[in-house]
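Each chain, written out:
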Amino acid sequence: MNSGLIYFKLRQNYRTATYVTLGFFVFGLMMLAAYNAFDMQSMMGEMPPGSEDLMRAMLGTKGVLMWDIGTFLAMAWRHPIILVMLVGWAASLGSGYAAKEIGEKTADLLFARPMSRAKLLWHDLLIAASLLFACTMFFSLTLYFGAQFFALNPPALSAFVVAGLQYFVFALAVLGISYLVGAFVRDAKTVVATVGGIFAAMYTIELVGGLWDAIEPLKTFSLFTYLTPHSALTKASSAWTDLYILLAVATVSIGLTYILMERRDLS
Amino acid sequence: MKSLAIMTDNLTKHYRGVQALTDLSLAVEQGSIFGFLGANGAGKTTSIRLLLGLIRPTSGSSQIFGLDAQTAGVKLRSQVGYLPGELSFYTNVSGQEVLDMLGSFYKSLSWRKEACEAMEMSEADLWRKTREYSTGMKQKLGIIQAVQHAPPLLILDEPTRGLDPLIQRNFFELMERINKRGTTIFMSTHVLTEVERLCANVGIIRAGRLLVVESVANIRKQRIHRLEVVFSRPVQPPNITAVKISLNGQFENSYAFETSGNLEPLLSYLSQQPVDSIVCERAKLDDIFLHYYAKEGIESRE
């Protein structure tokens, strides 16, 4: 383990990580404050016909929706603004290993050090995963303690931890796919744009598939299908299955990155 | 014979149909200073990247201190200090942080202080963000990071680019001191005077092919001199073999003389003539390339 490299990578990324985490924190608290200030339960109950289908599609759930705090919190986790921030940040972190180094012409400096590309990848992964873990868990705990603060009677802390873990592994899958894209391209912007495009397509499939039966089979290919904080909060066993699927995607993409980077010309 | 610091065997690299490097076979002795001379795009940087294992050869192999670039890359790179030609640094950190990070891969940074002094980089300079650095300061930081861990082999890709004359002089002195301690220096450049100043041997590369490996002394002998002479009255041109004479149309009684090697016969002739003015041009890199190209062409016809 090279502590100098770890410090340097932390130094490069802590500022963005802080801003994103603060953004999540403020968003979470504002959502809870809104829930506390208004009678959301009856507001949601009075929504026009068809709205429930849309809400269900956005939450990625099936069956009857209970308009309780759990459902509302699941909305916070899967809110498009939060998802855009998370995907964008994870993609940006994932672009840092190879594509950014090549694009900014620092690859010749870093990769000429006496460390294998695999070890450099593990160092990068360690920092990126730690930052993503800290942010996603902090968001989860913000929602739990915020709900406690407003006396909204949230589910148990363990359910929030599982939801946070699932959120983290989802971010790890974005990171892995970004590494993989970065193994082919030569600059960070292309990585972020490509991964953004892939996840926008996945989100569309997930949303439209929830409303339109003909598209529903395609939802299997969308990672958003496996981001189910609602299941985690209701302690459904499928929450763990979804987490393992996301973990498998992350592992396979990072593994493929490792293989591709071993063969890649760094120029 | 001394053991080799660098050895390449028919090293070849093609990029999507472009032949960046073809059959490079080179041997650089330990403790020597070797100049790798070529114009931009000649294949110098590709050769260096292949040596360091940053890119993979299409065919052939390369070794540094007997370590293969493809199979023992990590150990090989621990022996090398490298200054890239296209130098760029992480922008949101200070020079000091860059040096610390890049130095964190090595056990000791015993030459950092000396390198900083030679490059005239103060503490205050090092603690500035690298995005505030001028081209020259970036180059100085690049040299320090390459030298700081006292490597047995220094690979420098166009090291004096952007350096002012004073720092260039310091750089040459630093290289001479380091070389005396046993460090081998492999320096790529397209500036002939740099090679003359430091190197004992030089390899000339053009269009991805190594034209020749020659001692600098021999290069000097073969270098082309061009003299433009204006005479105060009409003269009879000399009859000296190996001197190419042409009329210089700019002035009356003006001639251009071109010769390589020994200048004595030409100077002896000129000393007996009514010379009004002489302009002597240093040989350009292109002239040397042309010289070797012509030579190569004759040899291949034979």
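My aim in this report is to walk through the structure given alongside it, one point at a time. Please read all numbers here as calculations on a predicted model, not as lab measurements.

Our next topic: the overall build of chain A. Looking only at helices and strands, one finds 12 helices and zero strands in chain A. Seen in sequence order, chain A has helices and strands lined up from the N terminus as α-α-α-α-α-α-α-α-α-α-α-α. Taken over the C-alpha trace, chain A has a radius of gyration of 20 Å; the compact-globule value for 267 residues is 18 Å, and the two agree within 12%. The C-alpha extent of chain A, read off along each of the three principal axes, is 65 × 45 × 30 Å. When each of the 267 residues of chain A is scored for burial, the buried share is 53%. Considering only residue pairs separated by 6 or more positions, chain A has 75% of its internal contacts joining residues 24 or more positions apart. Carbon and sulfur atoms make up 69% of the accessible area of chain A, which amounts to about 11,600 Å² in all. Between the centroid of the 17 positive side chains of chain A and the centroid of its 16 negative side chains there is a distance of 13 Å.

Moving on: the nonpolar core. Where a protein is soluble and globular, its nonpolar side chains tend to be buried together. Counting 158 residues, the largest nonpolar core has Phe170(A), Phe199(A), Ile155(B), Met175(B) and Phe186(B) as its most contacted members. Looking at this core element by element, the count peaks at 16 residues for helix H9 (residues 157-182) of chain A. With residues near it in sequence (within four places) discarded, Met175(B) still touches Val147(B), Leu154(B), Leu156(B), Ile185(B) and Leu198(B).

So, on to the packing of H9(A) against helix H12 (residues 238-263) of chain A. Residue and element names in this part refer to chain A. Following both chains from N to C, one finds H9 and H12 inclined at 25°, their axes separated by 8 Å at the closest point. One way to sum up the angle between H9 and H12 is to call them roughly parallel. Read as a crossing pair, H9 and H12 show a hand that is left-handed. Counted by class, the contact of H9 with H12 contains 19 nonpolar, four polar and one charged residues.

On the chain A side, the residues contacting the 29 residues of chain B number 28 residues. Of the roughly 2,800 Å² buried at the junction of chain B and chain A (both faces included), carbon and sulfur atoms supply 55%. The largest share of the area that chain B buries against chain A comes from Leu54(B), Tyr90(B) and Phe105(B), three residues that together contribute 26% of it. Inspection of the region where chain B meets chain A yields four salt bridges. In this structure, the salt-bridge partner of Arg49(B) is Asp108(A), at a minimum N-O distance of 2.9 Å. Taken together, the links from chain B to chain A amount to 19 residue pairs in polar contact (both at pLDDT 80 or more). Secondary-structure elements contributing two or more residues to the side of chain B that touches chain A are strand S1 (4-15), helix H2 (73-77) and helix H3 (95-103) of chain B. Top contributing element to the side of chain B that touches chain A by residue count: H3(B), with four residues. Here the residues of the side of chain B that touches chain A sort into 16 nonpolar, six polar and seven charged.

Moving on, we get to the pairing of strand S3 (residues 33-37) of chain B. Residue and element names in this part refer to chain B. Taking burial as the measure, the five residues of S3 include five buried ones, the bulk of the element. The alternating pattern of S3 places Ile33, Gly35 and Leu37 and Phe34 and Phe36 on opposite faces, both of which are buried. Both S3 and strand S8 (residues 184-189) contribute to a ladder of five bridges, which runs parallel. Each bridged residue has a counterpart across the sheet, and for leucine 37 the counterpart in S8 is threonine 189. In the sheet, S3 pairs with strand S9 (residues 201-206) via four bridges, with the strands oriented parallel. Bridge pairing in S9 links leucine 37 to isoleucine 204.

All names here are of chain B. Pairing is antiparallel across the open sheet formed by four strands, whose spatial order is S2-S1-S4-S5. For this open sheet the edge positions go to strand S2 (18-29) and strand S5 (67-68), each flanked by a neighbour on one side alone. Looking at chain direction, strand S4 (residues 59-64) and S5 are connected through two bridges and run antiparallel. Within S5, the residue paired with glutamine 63 across the bridge is aspartate 68. Contacting S1, S2 and S4, helix H1 (residues 44-51) runs over the sheet at an angle of about 115° to S1.

The next thing to look at is the side chain of Glu158(B). Tracing the chain through its elements places Glu158(B) in the loop between strand S7 (153-157) and helix H7 (165-180). Classification of Glu158(B) by relative accessible area gives buried; the value is 8%.

For the rest of this paragraph, the subject is the pattern of salt bridges. Oppositely charged side chains can pair when the atoms bearing their charge come close. On inspection of all chains with the given rule, the structure shows 17 salt bridges over all chains. A salt bridge links Lys13(B) to Asp265(A); the shortest N-O distance between them is 2.5 Å. With Lys13(B) in strand S1 and Asp265(A) in the segment after H12, the pair connects residues from two separate chains. Judged by relative accessible area, which is 21%, Asp265(A) ranks as partly exposed. Between Glu158(B) and Arg161(B) there is a salt bridge, and its shortest N-O distance comes to 2.7 Å.

Here the focus is a nonpolar patch on the surface. Residues and elements named next belong to chain A. Taken together, the side chains of Trp122, Val252, Leu256, Tyr258 and Ile259 define a hydrophobic patch exposed on the protein surface, amounting to about 460 Å² of accessible area. The biggest single contributor to the nonpolar patch is H12, with four residues. Position of valine 252 among the secondary structure elements: in helix H12. Overall, valine 252 belongs to the exposed group, its relative accessible area being 52%.

Definitions and cut-offs
Residues numbered from 1 in each chain as written. Chains lettered and ligands numbered in written order. Predicted model: local features only at pLDDT ≥ 70, side-chain atom pairs only at ≥ 80, totals over all residues. Heavy atoms only, no water. Helix = DSSP H or I, 4+ residues; strand = E, 2+ residues; numbered from the N terminus. Rg over C-alpha atoms; globule rule 2.2 N^0.38 Å. Buried < 20%, exposed > 50% of the residue type's maximum accessible area, 1.4 Å probe, protein only. Contact = heavy atoms within 4.5 Å. Areas by Shrake-Rupley, 256 points an atom, 1.4 Å probe, with all protein chains shown as cover. Lys, Arg positive; Asp, Glu negative; His and termini not counted. Charge placed at Lys NZ, Arg CZ, Asp CG, Glu CD. Core = buried A, V, L, I, M, F, W, Y, C linked by side-chain atoms within 4.5 Å. Axes fitted to C-alpha atoms, helices over the stretch in contact; angles between N-to-C directions. Parallel < 35°, antiparallel > 145°, perpendicular 65-115°, else oblique. Left-handed = near helix turned anticlockwise from the far one by under 90°. Nonpolar A, V, L, I, M, F, W, Y, C, P; charged D, E, K, R; others polar. Buried area = accessible area lost by both parts, 1.4 Å probe. Salt bridge = Lys/Arg side-chain N within 4 Å of Asp/Glu carboxyl O. Polar contact = N/O pair within 3.5 Å; in protein donor to acceptor, adjacent residues only side chain to side chain. Pairing = 2+ DSSP bridges. Patch = residues over 30% accessible without salt bridge, like charges linked within 9 Å, V, L, I, M, F, W, Y side chains within 5 Å.

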